[in-house]
Amino acid sequence: MRFRLVLDLIAVGLIVACLAYWWLDNLSHELFGTVLFTLVIVHNVFNRRWYGGVTKRKLDVIRIINLITIVSLAIAMTIMFLTSLLISRDLFPLTAMGGAFVVREIHMFTGYWMLLIVGIHLGTRWQVVMDVFYGMIGMPARSACQTAILRLLTALIMAWGVKSSFDMAFGSKLMLRYSLDMWDFNASTLGFFVNYASIVGLYIAATHFGLRLVSMRARRRMACE
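First things first, this report covers the structure right here in the doc. Keep in mind that this is a model prediction, so the values were computed, not measured.

## Some words on the packing of helix H1 (residues 2-19) against helix H2 (residues 26-46)
In helix packing, the relevant descriptors are the interaxial angle and the interaxial distance, both defined with respect to the helix axes.
Point 1. In the contact formed by H1 and H2, the axes pass within 9 Å of each other and the chain directions differ by 150 degrees. If you check the angle between H1 and H2, you find them roughly antiparallel. You can see that H1 and H2 cross each other, and the crossing is left-handed. For the pair H1 and H2, the contacting residues are Phe3, Arg4, Leu7, Asp8, Ile10, Ala11, Leu14, Ile15, Ala17 and Cys18 in the first and His29, Phe32, Gly33, Val35, Leu36, Leu39, Val42, His43 and Phe46 in the second.
Point 2. A breakdown of the residues in the contact of H1 with H2 according to their chemical character gives 14 nonpolar, three polar and two charged.

Rendered as C-alpha coordinates:
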(Lines give C-alpha, C1' and ligand atoms only; values in the text may rest on other atoms or scores of the structure.)
Protein backbone atom coordinates (compact mmCIF):
# COMPACT_ATOMS: atom_id res chain seq x y z
CA MET A 1 0.00 0.00 0.00
CA ARG A 2 2.82 2.42 0.80
CA PHE A 3 4.50 1.81 -2.54
CA ARG A 4 1.19 2.18 -4.36
CA LEU A 5 0.44 5.43 -2.54
CA VAL A 6 3.79 6.92 -3.57
CA LEU A 7 3.20 5.92 -7.21
CA ASP A 8 -0.31 7.40 -7.18
CA LEU A 9 0.93 10.71 -5.77
CA ILE A 10 3.68 10.81 -8.41
CA ALA A 11 0.99 10.27 -11.06
CA VAL A 12 -1.00 13.25 -9.75
CA GLY A 13 2.14 15.37 -9.83
CA LEU A 14 2.78 14.32 -13.42
CA ILE A 15 -0.73 15.39 -14.45
CA VAL A 16 -0.08 18.87 -13.07
CA ALA A 17 3.36 18.94 -14.68
CA CYS A 18 1.85 18.02 -18.04
CA LEU A 19 -0.50 21.00 -17.76
CA ALA A 20 2.59 23.23 -17.61
CA TYR A 21 3.20 22.67 -21.32
CA TRP A 22 4.56 26.16 -21.94
CA TRP A 23 7.09 25.68 -19.16
CA LEU A 24 8.33 22.39 -20.64
CA ASP A 25 9.64 21.61 -24.09
CA ASN A 26 7.49 19.21 -26.11
CA LEU A 27 9.80 16.24 -25.55
CA SER A 28 9.63 16.63 -21.76
CA HIS A 29 5.84 16.90 -21.96
CA GLU A 30 5.62 13.66 -23.93
CA LEU A 31 8.05 11.89 -21.62
CA PHE A 32 6.04 12.92 -18.56
CA GLY A 33 2.86 11.80 -20.27
CA THR A 34 4.37 8.42 -21.16
CA VAL A 35 5.49 7.87 -17.56
CA LEU A 36 1.99 8.88 -16.40
CA PHE A 37 0.31 6.30 -18.64
CA THR A 38 2.77 3.69 -17.40
CA LEU A 39 1.87 4.48 -13.79
CA VAL A 40 -1.83 4.23 -14.66
CA ILE A 41 -1.24 0.73 -16.03
CA VAL A 42 0.68 -0.20 -12.87
CA HIS A 43 -2.14 1.25 -10.74
CA ASN A 44 -4.70 -0.91 -12.52
CA VAL A 45 -2.54 -4.02 -12.19
CA PHE A 46 -2.28 -3.45 -8.44
CA ASN A 47 -6.05 -2.96 -8.20
CA ARG A 48 -7.11 -5.75 -10.59
CA ARG A 49 -9.00 -7.57 -7.81
CA TRP A 50 -11.30 -4.56 -7.46
CA TYR A 51 -12.61 -5.06 -10.99
CA GLY A 52 -13.38 -8.71 -10.33
CA GLY A 53 -15.48 -7.84 -7.29
CA VAL A 54 -17.51 -4.96 -8.74
CA THR A 55 -20.58 -7.06 -9.56
CA LYS A 56 -20.38 -8.92 -6.23
CA ARG A 57 -20.60 -5.86 -4.00
CA LYS A 58 -23.83 -4.29 -2.87
CA LEU A 59 -23.98 -0.83 -4.42
CA ASP A 60 -24.77 2.08 -2.14
CA VAL A 61 -24.52 5.80 -2.92
CA ILE A 62 -20.82 6.00 -2.08
CA ARG A 63 -19.89 2.97 -4.18
CA ILE A 64 -21.98 4.23 -7.09
CA ILE A 65 -20.16 7.59 -7.00
CA ASN A 66 -16.84 5.77 -6.81
CA LEU A 67 -17.78 3.56 -9.77
CA ILE A 68 -18.88 6.56 -11.87
CA THR A 69 -15.62 8.32 -11.03
CA ILE A 70 -13.51 5.32 -12.06
CA VAL A 71 -15.40 4.88 -15.33
CA SER A 72 -15.06 8.61 -16.07
CA LEU A 73 -11.35 8.46 -15.32
CA ALA A 74 -10.93 5.45 -17.62
CA ILE A 75 -12.70 7.31 -20.44
CA ALA A 76 -10.57 10.42 -19.90
CA MET A 77 -7.34 8.42 -19.84
CA THR A 78 -8.33 6.58 -23.03
CA ILE A 79 -9.02 9.88 -24.80
CA MET A 80 -5.72 11.30 -23.55
CA PHE A 81 -3.82 8.23 -24.75
CA LEU A 82 -5.37 8.18 -28.23
CA THR A 83 -5.00 11.92 -28.78
CA SER A 84 -1.41 11.75 -27.52
CA LEU A 85 -0.54 9.31 -30.28
CA LEU A 86 -2.22 11.50 -32.90
CA ILE A 87 -0.37 14.70 -31.96
CA SER A 88 3.00 13.29 -30.86
CA ARG A 89 5.99 15.07 -32.41
CA ASP A 90 8.93 13.42 -30.65
CA LEU A 91 8.24 9.98 -29.20
CA PHE A 92 5.63 8.60 -31.62
CA PRO A 93 5.92 10.60 -34.87
CA LEU A 94 4.71 7.64 -36.98
CA THR A 95 1.23 7.82 -35.42
CA ALA A 96 0.90 11.61 -35.62
CA MET A 97 -1.56 13.41 -37.89
CA GLY A 98 -0.65 16.50 -39.85
CA GLY A 99 -2.00 19.66 -38.21
CA ALA A 100 -4.61 18.00 -35.96
CA PHE A 101 -5.70 21.27 -34.32
CA VAL A 102 -9.01 19.81 -33.12
CA VAL A 103 -7.22 16.78 -31.66
CA ARG A 104 -4.88 19.08 -29.73
CA GLU A 105 -7.87 20.96 -28.31
CA ILE A 106 -9.54 17.73 -27.22
CA HIS A 107 -6.28 16.58 -25.64
CA MET A 108 -5.88 19.83 -23.71
CA PHE A 109 -9.48 20.06 -22.49
CA THR A 110 -9.51 16.40 -21.44
CA GLY A 111 -6.39 17.03 -19.38
CA TYR A 112 -8.23 19.58 -17.22
CA TRP A 113 -11.19 17.26 -16.75
CA MET A 114 -8.82 14.44 -15.82
CA LEU A 115 -7.34 16.62 -13.06
CA LEU A 116 -10.81 17.24 -11.64
CA ILE A 117 -11.78 13.56 -11.83
CA VAL A 118 -8.53 12.48 -10.17
CA GLY A 119 -9.26 14.89 -7.31
CA ILE A 120 -12.72 13.36 -6.86
CA HIS A 121 -11.27 9.84 -7.11
CA LEU A 122 -8.71 10.61 -4.39
CA GLY A 123 -11.51 12.07 -2.29
CA THR A 124 -13.40 8.78 -2.39
CA ARG A 125 -10.25 7.04 -1.10
CA TRP A 126 -8.89 9.76 1.16
CA GLN A 127 -9.46 7.96 4.46
CA VAL A 128 -7.44 5.02 3.14
CA VAL A 129 -4.72 7.39 1.94
CA MET A 130 -4.51 9.08 5.35
CA ASP A 131 -4.44 5.75 7.20
CA VAL A 132 -1.53 4.57 5.05
CA PHE A 133 0.26 7.89 5.49
CA TYR A 134 0.00 7.82 9.27
CA GLY A 135 1.16 4.21 9.23
CA MET A 136 4.21 5.24 7.19
CA ILE A 137 5.26 7.93 9.66
CA GLY A 138 4.35 5.82 12.68
CA MET A 139 1.88 8.33 14.08
CA PRO A 140 -0.67 6.94 16.57
CA ALA A 141 -4.34 7.88 16.62
CA ARG A 142 -4.87 11.61 16.17
CA SER A 143 -5.59 13.76 19.17
CA ALA A 144 -8.28 16.44 19.27
CA CYS A 145 -5.58 19.08 18.75
CA GLN A 146 -4.16 17.31 15.70
CA THR A 147 -7.65 16.93 14.25
CA ALA A 148 -8.34 20.65 14.72
CA ILE A 149 -5.06 21.58 13.03
CA LEU A 150 -5.78 19.25 10.09
CA ARG A 151 -9.26 20.69 9.66
CA LEU A 152 -7.90 24.23 9.70
CA LEU A 153 -5.26 23.28 7.14
CA THR A 154 -7.96 21.64 4.99
CA ALA A 155 -10.10 24.78 5.18
CA LEU A 156 -7.13 26.90 4.05
CA ILE A 157 -6.40 24.55 1.14
CA MET A 158 -10.04 24.62 0.05
CA ALA A 159 -10.14 28.42 0.25
CA TRP A 160 -6.95 28.67 -1.80
CA GLY A 161 -8.36 26.11 -4.23
CA VAL A 162 -11.45 28.27 -4.81
CA LYS A 163 -9.25 31.33 -5.37
CA SER A 164 -6.96 29.37 -7.69
CA SER A 165 -9.94 28.12 -9.69
CA PHE A 166 -10.70 31.73 -10.60
CA ASP A 167 -7.05 32.74 -11.03
CA MET A 168 -6.40 29.83 -13.42
CA ALA A 169 -9.79 30.17 -15.18
CA PHE A 170 -10.34 26.50 -14.36
CA GLY A 171 -14.10 26.64 -14.85
CA SER A 172 -13.74 28.10 -18.34
CA LYS A 173 -11.25 25.39 -19.27
CA LEU A 174 -13.64 22.70 -18.06
CA MET A 175 -16.45 24.20 -20.16
CA LEU A 176 -14.28 24.13 -23.29
CA ARG A 177 -14.15 27.91 -23.41
CA TYR A 178 -11.06 29.80 -24.44
CA SER A 179 -9.52 31.89 -21.70
CA LEU A 180 -7.07 34.72 -22.15
CA ASP A 181 -4.98 33.76 -19.14
CA MET A 182 -1.39 32.74 -19.76
CA TRP A 183 0.71 31.88 -16.73
CA ASP A 184 3.98 33.79 -16.56
CA PHE A 185 6.48 31.09 -15.62
CA ASN A 186 9.29 33.64 -15.59
CA ALA A 187 7.57 35.44 -12.72
CA SER A 188 6.60 32.37 -10.70
CA THR A 189 6.91 28.70 -11.60
CA LEU A 190 6.08 27.45 -8.12
CA GLY A 191 2.83 29.43 -8.07
CA PHE A 192 1.50 27.45 -11.04
CA PHE A 193 1.98 24.14 -9.26
CA VAL A 194 0.71 25.44 -5.91
CA ASN A 195 -2.47 26.73 -7.54
CA TYR A 196 -3.26 23.49 -9.34
CA ALA A 197 -2.32 21.42 -6.29
CA SER A 198 -4.80 23.45 -4.23
CA ILE A 199 -7.49 22.87 -6.87
CA VAL A 200 -6.90 19.13 -6.57
CA GLY A 201 -7.00 19.51 -2.78
CA LEU A 202 -10.31 21.37 -3.05
CA TYR A 203 -11.98 18.51 -4.91
CA ILE A 204 -10.40 15.90 -2.64
CA ALA A 205 -11.73 17.61 0.48
CA ALA A 206 -15.15 18.41 -1.00
CA THR A 207 -15.61 14.80 -2.10
CA HIS A 208 -14.30 13.33 1.16
CA PHE A 209 -16.48 15.43 3.44
CA GLY A 210 -19.46 15.17 1.09
CA LEU A 211 -19.30 11.38 1.18
CA ARG A 212 -18.88 11.42 4.97
CA LEU A 213 -22.05 13.48 5.23
CA VAL A 214 -23.91 11.04 2.98
CA SER A 215 -22.65 8.11 5.05
CA MET A 216 -23.71 9.75 8.33
CA ARG A 217 -27.20 10.41 7.02
CA ALA A 218 -27.49 6.84 5.77
CA ARG A 219 -26.50 5.47 9.19
CA ARG A 220 -29.02 7.72 10.94
CA ARG A 221 -31.74 6.58 8.56
CA MET A 222 -30.93 2.95 9.28
CA ALA A 223 -30.91 3.61 13.03
CA CYS A 224 -34.34 5.21 12.84
CA GLU A 225 -35.70 2.24 10.94
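On we go.
## What about the packing of aromatic side chains?
Point 1. For the structure shown, the criterion picks out twelve aromatic pairs.
Point 2. Consider the rings of Phe37 and Phe81, whose centres lie 5.6 Å apart with planes at 85 degrees: the pair is edge-to-face. Placement of Phe37 in helix H2 and of Phe81 in helix H4 (residues 61-87) is noted, with a sequence separation of 44 residues between them.
Point 3. Residue class for Phe81 comes out partly exposed when judged on its relative accessible area of 40%.
Point 4. Considering the side-chain rings of Phe170 and Tyr203, the 6.4 Å spacing of their centres and the 50 degrees angle between planes classify their relative orientation as tilted. Note that Phe170 is positioned in helix H8 (residues 170-174) and Tyr203 in helix H9 (residues 190-224), a separation of 33 residues in sequence.
Point 5. For Phe170, a relative accessible area of 1% corresponds to the buried category.
Point 6. Owing to a relative accessible area of 24%, Tyr203 belongs among the partly exposed residues under this scheme.
Point 7. Here the aromatic residues Trp23, Tyr112, Phe170, Trp183, Phe185, Phe192, Phe193, Tyr196 and Tyr203 are joined through ring pairs into a cluster of three or more.
Point 8. The lysine or arginine in question, Lys163, covers the ring of Trp160, its NZ or CZ lying 4.8 Å from the ring centre.

So, how was this worked out
- Residues numbered from 1 in each chain as written.
- Predicted model: local features only at pLDDT ≥ 70, side-chain atom pairs only at ≥ 80, totals over all residues.
- Heavy atoms only, no water.
- Axes fitted to C-alpha atoms, helices over the stretch in contact; angles between N-to-C directions.
- Helix = DSSP H or I, 4+ residues; strand = E, 2+ residues; numbered from the N terminus.
- Parallel < 35°, antiparallel > 145°, perpendicular 65-115°, else oblique.
- Left-handed = near helix turned anticlockwise from the far one by under 90°.
- Contact = heavy atoms within 4.5 Å.
- Nonpolar A, V, L, I, M, F, W, Y, C, P; charged D, E, K, R; others polar.
- Phe/Tyr/Trp six-rings, centres within 6.5 Å; stacked < 30°, edge-to-face > 60°.
- Buried < 20%, exposed > 50% of the residue type's maximum accessible area, 1.4 Å probe, protein only.
- Lys NZ or Arg CZ within 6 Å of the ring centre and 35° of its normal.

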